[in-house]
Structure formats: C-alpha cells, structure tokens
Amino acid sequence: DSGVTQTPKHLITATGQRVTLRCSPRSGDLSVYWYQQSLDQGLQFLIQYYNGEERAKGNILERFSAQQFPDLHSELNLSSLELGDSALYFCASSSGGVSNIQYFGAGTRLSVL
Amino acid sequence: GNSVTQMEGPVTLSEEAFLTINCTYTATGYPSLFWYVQYPGEGLQLLLKATKADDKGSNKGFEATYRKETTSFHLEKGSVQVSDSAVYFCALSNAGGTSYGKLTFGQGTILTVHP
C-alpha cells in the first residue's frame, strides 16, 4: 500500500460529460502530481500542485483542470469528455527533496462511451 | 527537453533466466533516475533509484547503475521469477529548474516469465 488513495477506481461516462477524480496524498506529502496513462501516449505528466499552489504543467488539455485543497487532497476535473480521454489517471505524491520519490495511487480508470 | 527511451518489448523469459532491460535518457543537468514496476491492475511501485552518476540502485535482486557517460540506466536481474512478470518503466526527474520534479517516463517494457 503506497498510502496514496484515489477514488473512484472506475468511471464510465458518456461523451460531453464532466467527471471529477479525487486523490488523497500520503500523510505529510505536500506535492501531488497527476499523470495520464493511455495505450497510444504512454504515461504523461499532466499537472503538479505543491501545498495548494500549481507548480508545473505538462500536456494538460484546456478542458482539464485541477486543484489542491487546504487539507492537501487534490481533484482533477475533466470536462466535455471525448472518446480519446479514456485512460488510466494516476495521482502521485511526494515530500520533495533531491531524490523526489513519488508514490503512486492505484489509479482511476476512465471509460468514455 | 527530457526524454527516456526503453528497449522495445515485450520480453519473454523462462524462470531463472538473466534479465536486461535497456534504458537511455536525455536530460539537462543532473537528473535522478528511477525504475518503476506496474503489476496487472495496480499502480506504479518504485523498484529502485539512483540520484548521481555511478550510483547503483538495487532492490529485490534487481540492479541498475547510473551511467552518465553513456546516459544509461539499464535494469538487470540475475535470475527472474514468474512473480516478476509486470510492466517496467524507466523514468527521470529533474528537481530543479521549471521541472519541479515531474517524472518523464519511458514507454514501458512488458516482461513475461514462464515457469
């Protein structure tokens, strides 16, 4: 158990809809990262938050947004969903530092039909 | 920008065979290097890491050495088991600059070990 909790495990929805994915980091970790894993793109970094503030952005679509709350949990919002958004979405947390070990949750599998 | 290239898979081995999965990288500065493993239906787990040149990371019989001269971080295990069947990802992280520690992953290598 990595200590990172993601909910829900599975999401099935239709095109055009909006969903929210939730992540609770390991106790004490201030950084949260979101990644997307798909067959064609592999594992891609989406966005990072540190102690409530956005710190880095990767290949995140404008239809996607995220935030980190005062209790450090994070939510990834995906809107106007398309078939191509179907993927596994991972959250990771870290305490920072030189080695920056990131601990991953089990992921949320999103299926857009 | 940063990039990681892993050997093409899948890799199929018999139990007790020797494993090598090649990984090379392109990065600015002095990145940290990682191998993560993903078992079926699970998230990624850190297998081993190295934070500077010539460091050797090791865990559960797996080893990888940070080679700056060849920009490589190849994963090796002397004798694989059926339970090692999984997807293996090489990754790097730059703690400084604008990267803020995000991980850049290779494409992953599927390993299947037969009894």
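The structure we're discussing is the one just above.
Numbering of residues starts from 1 in every chain and runs along the sequence as written. Each chain gets a letter, beginning with A, and each ligand a number, beginning with 1, in the order they are written. Note on the predicted model: pLDDT of at least 70 is required for a residue's local features to be given, and 80 or more for side-chain atom pairs to be given and counted; whole-chain, interface and lining totals, by contrast, use all residues. Neither water nor hydrogens contribute to the side-chain values; these are computed over all heavy atoms in the structure.

1. Overview of the packing of aromatic side chains
(1) Moving on: Note on aromatic contacts: the rings of Phe and Tyr and the six-membered ring of Trp form a pair at centre separations within 6.5 Å, being stacked when their planes are under 30 degrees apart, edge-to-face when over 60 apart, and tilted otherwise. Overall, the coordinates contain 14 aromatic pairs over all chains when judged by the stated rule.
(2) Moving on: Judged by centre distance (5.7 Å) and plane angle (85 degrees), the ring pair of A:Y35 and B:F105 falls under edge-to-face. One end of the pair, A:Y35, is in strand β4 (residues 31-38); the other, B:F105, is in strand β11 (residues 103-105), on a second chain.
(3) Moving on: Exposure is judged per residue with a 1.4 Å probe applied to protein chains only, and the accessible area is read against the type maximum: over 50% gives exposed, under 20% gives buried, and values in between give partly exposed. Take B:F105: its relative accessible area is 8%, and that puts it in the buried class.
(4) Moving on: Every member of this aromatic cluster is reached through a ring pair, and the members are A:Y33, A:Y35, A:F45, A:F90, A:F104, B:F34, B:Y36, B:F89 and B:F105.
(5) Moving on: For the cation-ring pair, A:R55 lies above A:Y50, with the distance from its terminal atom to the ring centre recorded as 4.2 Å. Only DSSP runs of H or I reaching four residues or more are called helices, and only runs of E reaching two or more are called strands; each is numbered from the N terminus. Sitting over a ring, as applied to charges here, requires NZ of Lys or CZ of Arg to be within 6 Å of the ring centre and within 35 degrees of the ring normal.

2. Concerning the state of the cysteines
All names here are of chain A.
(1) Moving on: The rule for a disulfide is simple: a pair of cysteine sulfur atoms within 2.5 Å. Counted by the stated rule, this structure contains two disulfides over all chains.
(2) Moving on: Paired by a disulfide, C23 and C91 hold their sulfur atoms 1.8 Å apart. The sign of the -50 degrees torsion about the S-S bond sets the C23-C91 disulfide as left-handed. Taken together, the residues span a long stretch of sequence, with C23 in strand β3 (residues 19-24) and C91 in strand β9 (residues 87-94) at a distance of 68 residues.

3. Describing the environment of B:C90
All names here are of chain B.
(1) Moving on: Within the secondary structure, C90 is located in strand β10 (residues 86-93).
(2) Moving on: Residue classification places C90 among the buried residues on the basis of a relative accessible area of 1%.
(3) Moving on: Sequence spacing of C90 and K52 is 38 residues, and the spatial spacing of their C-alpha atoms is 16 Å.

4. A word on the side chain of B:T109
(1) Moving on: Position of B:T109 among the secondary structure elements: in strand β12 (residues 109-114).
(2) Moving on: The contact criterion used is simple: two residues touch if any of their non-hydrogen atoms lie within 4.5 Å. Among all residues touching B:T109, those that are not within four sequence positions of it are B:Q6, B:M7, B:G9, B:V11, B:I21, B:A86, B:V87 and B:Y88.

5. Digging into the sheet that holds strand β8 (residues 62-65) of chain B
Residue and element names in this part refer to chain B.
(1) Moving on: Between any two strands, at least two bridges found by DSSP are needed for them to pair. Spatial strand order, β3-β9-β8-β7: four strands in an open sheet with antiparallel pairing. The sheet is open, and its two borders are formed by β3 (19-21) and β7 (56-59), each paired with just one other strand. Strand after strand, the sheet turns through a mean of 15 degrees between neighbouring axes, direction not considered.
(2) Moving on: As defined by bridge partners, β8 adjoins strand β9 (residues 75-77) across three bridges and the pair is classed as antiparallel. When the bridges of β9 are listed, F62 appears paired with K77. Interaxial angles span 0 to 180 degrees and are taken between N-to-C directions of axes, which are lines fitted to C-alpha atoms, for helices over the stretch in contact.

6. Comments concerning the nonpolar core
All names here are of chain B.
(1) Moving on: By nonpolar core we mean a set of buried residues, namely Ala, Val, Leu, Ile, Met, Phe, Trp, Tyr and Cys, connected to one another through side-chain atoms within 4.5 Å. Ranked by internal contacts, the top residues of the largest apolar core, which has 26 residues, are L19, W35, L47, L48, F73, L75 and Y88.
(2) Moving on: Of all the secondary structure elements, the ones that give two or more residues to this core are β2 (11-14), β3, β4 (23-26), β5 (32-38), β6 (44-50), β8, β10 and β12.
(3) Moving on: Looking at this core element by element, the count peaks at four residues for β10.

7. Observations regarding unusual backbone geometry
(1) Moving on: With an omega of -10 degrees, the peptide bond running from A:T7 to A:P8 counts as cis.
(2) Moving on: In this fold, A:P8 is placed in the loop between β1 (5-7) and β2 (10-13).
(3) Moving on: Despite not being glycine, A:N51 has its phi angle at roughly 50 degrees, a positive value.
(4) Moving on: With respect to the secondary-structure elements, A:N51 resides in the loop between β5 (42-50) and β6 (53-57).
(5) Moving on: A relative accessible area of 46% means that A:N51 is categorised as partly exposed.
(6) Moving on: Unusually for a residue other than glycine, B:T71 sits at a positive phi of about 40 degrees.
(7) Moving on: Residue placement: B:T71 occurs in the loop between β8 and β9.

8. Quick notes on the environment of B:A27
All names here are of chain B.
(1) Moving on: Checked against the element boundaries, A27 lands in the loop between β4 and β5.
(2) Moving on: Here the alpha-carbon distance between A27 and K52, two residues 25 residues apart in the chain, equals 13 Å.
(3) Moving on: Look past the residues within four positions of A27 in its chain and what remains in contact with it is N2, L92 and N94.

9. Observations concerning the sheet that holds strand β7 (residues 64-68) of chain A
All names here are of chain A.
(1) Moving on: Taken together, the four strands give an open sheet; going across it, the order is β1-β3-β8-β7, and neighbouring strands pair in antiparallel fashion. Both outer strands of the open sheet, β1 and β7, are each paired with one neighbouring strand and no more. Taking each pair of neighbouring strands and ignoring which way they run, the sheet shows an average axis angle of 15 degrees.
(2) Moving on: Bridge count between β3 and strand β8 (residues 74-78): five bridges; the pairing is antiparallel. Directly across from L21, in β8, lies its bridge partner L76.

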